[in-house]
Amino acid sequence: MKTLDRKFWWIFTPFFVLIIVILLFPYLFTNFSWFGQDFSDTGEIGDTVGGIMGPYIAIVAAFLTFFAFWVQYKANEQQKHDLQIERFESKFYNMIDIHRQNVTEIVIGKSLVSRKAFISMFNELKFLYLATDQFLKTPQQKDLIKSLTGSESISEENTFNIAYLIFFFGIGPNSTKLILSLVDSRYSGILLNLEVYLKGQQTIWRQEKKIAIDEKTYEGDSVFTLKTSYKPFNGHMSRLSHYIRHLFQLVKFIDDQPDRIINYNAKYNYASTVRAQLSAHEQLLLYYNALSSLGKPWFDKDKDYIKKYCMVKSMPIPLADIYKKPLDLLPLKNEQGKVMFEWTEIQERMKTNMTK
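A few points on the structure.

Each value, and the rule that gives it
Residues numbered from 1 in each chain as written. Predicted model: local features only at pLDDT ≥ 70, side-chain atom pairs only at ≥ 80, totals over all residues. Heavy atoms only, no water. Buried < 20%, exposed > 50% of the residue type's maximum accessible area, 1.4 Å probe, protein only. Helix = DSSP H or I, 4+ residues; strand = E, 2+ residues; numbered from the N terminus. Pairing = 2+ DSSP bridges. 1 Å grid on protein atoms, 1.4 Å probe; cavity = no way out; pocket = protein on both sides within 12 Å on 5 of 7 lines; lining within 4 Å. Points joined across faces, edges and corners; volume = space filled by probe spheres on them. Nonpolar A, V, L, I, M, F, W, Y, C, P; charged D, E, K, R; others polar. Core = buried A, V, L, I, M, F, W, Y, C linked by side-chain atoms within 4.5 Å. Contact = heavy atoms within 4.5 Å. Expected span 1.5 Å × (residues − 1).

1. Observations regarding the pairing of strand β5 (residues 210–213)
Side-chain alternation along β5 places I211 and I213 on a buried face and K210 and A212 on a face that remains uncovered. Examined bridge by bridge, β5 and strand β6 (residues 224–227) share 4 bridges and lie antiparallel to one another. Paired with I211 across the two strands is L226, which belongs to β6.

If you want it as structure tokens, here you go:
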């Protein structure tokens, strides 16, 4: 924070002009007549100058006093600013610690702990989307969709949203009740059929500990196999709800700070610290959570934290091969000129090195 900033000069400049004007008073009073009075014969020149210059000394003293008060004012402002930063960082790093604890507390079965669990959860989400998409395109389900909705098919957005809700809440009486409360009631029959289909997939998993689906992603995969050490499609609400909610509040806490205290570049650096805590598969799940109806606030038009702070910058783009492509949805750089994906930078470096 500068001591002699713009605000100082706005206050000081009129004051300085006033001093210059007052300093001209001896010349003006002794060389011109004012209100019919001639001040050119005021006695001995020493008495005249001494009498007139007395106030100027006081003015200079006033100026120095003003400057001293200004320096003290700016010092107080700096101290106040530093205290606000200190309070922010104290809470920020405390929230970072809570996030780390949330990660370590995520456990699936006996072997999937912490960040390893996110790899399996992402694969489960991918399988669910492919399975849901394939199931809803079967002739029987297309006829049911047409009879219930009047449409030939369900949109890609609704297909993904159904798959994500099943991934989050799972299948079963209570889980299905939660999902039905969040989607169009016309889809109830379709969801119940989908639940029966997924229970059949669970039966296959019990026998083989893996399930496969012949469904292409836009990256060209023809068969995707899901191998898990836990029963799939039971939902991850108990694991992810607190994790994602706290992560959102952490980024929101950064963004809510007044710009006069923390500017955008500083906020971006703090958000980068948060992003550095996220593994590649955590960022993949964050991206797809933000695309679902449960994660819409991440893409809120007034905040748009995903774009503003490049929250999925380290996401491996080729692995995000279902639903909306990241490079189609997000720009290469955000409005502030920050690079959205490291992957594009890595590709450019590799191309440059290979052409040398």
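2. Structural notes on the layout of surface pockets
Here the largest pocket defines a volume of roughly 190 Å³. Taken together, F168, L240, S241, I244, R245, F248, Q249, N289, L294, G295, P297 and W298 make up the lining of the largest pocket. Of the residues forming the lining of the largest pocket, the biggest block, 6 residues, is contributed by helix α9 (residues 237–255). A per-class count over the lining of the largest pocket returns 7 nonpolar, 4 polar and 1 charged. Class assignment for the residues of the lining of the second largest pocket results in no nonpolar, 2 polar and 7 charged.

3. Focus on the nonpolar core
F92, M121, Y243, V274, Y288 and W298 are the most contacted members of the largest nonpolar core, which has 86 residues in total. Considering every element that reaches this core, the biggest residue donor is helix α4 (residues 115–136), with 12 residues. Excluding its chain neighbours within four sequence positions, the residues that come into contact with Y288 are F122, L125, F160, Y164, A320, D321, I322 and Y323.

4. Re helix α6 (residues 156–169)
The terminal C-alpha atoms of α6, which comprises 14 residues, lie 20 Å apart, in line with the 20 Å expected from a rise of 1.5 Å per residue. Taken together, the buried positions of α6 are occupied by T159, F160, N161, I162, A163, Y164, L165, I166, F167, F168 and F169. Check the buried side of α6 and you find it contacts α4, α7 (173–180), α8 (188–208), α9 and α11 (280–291). One or two steps after α6, the chain reaches G170, where phi turns positive at roughly 90°.

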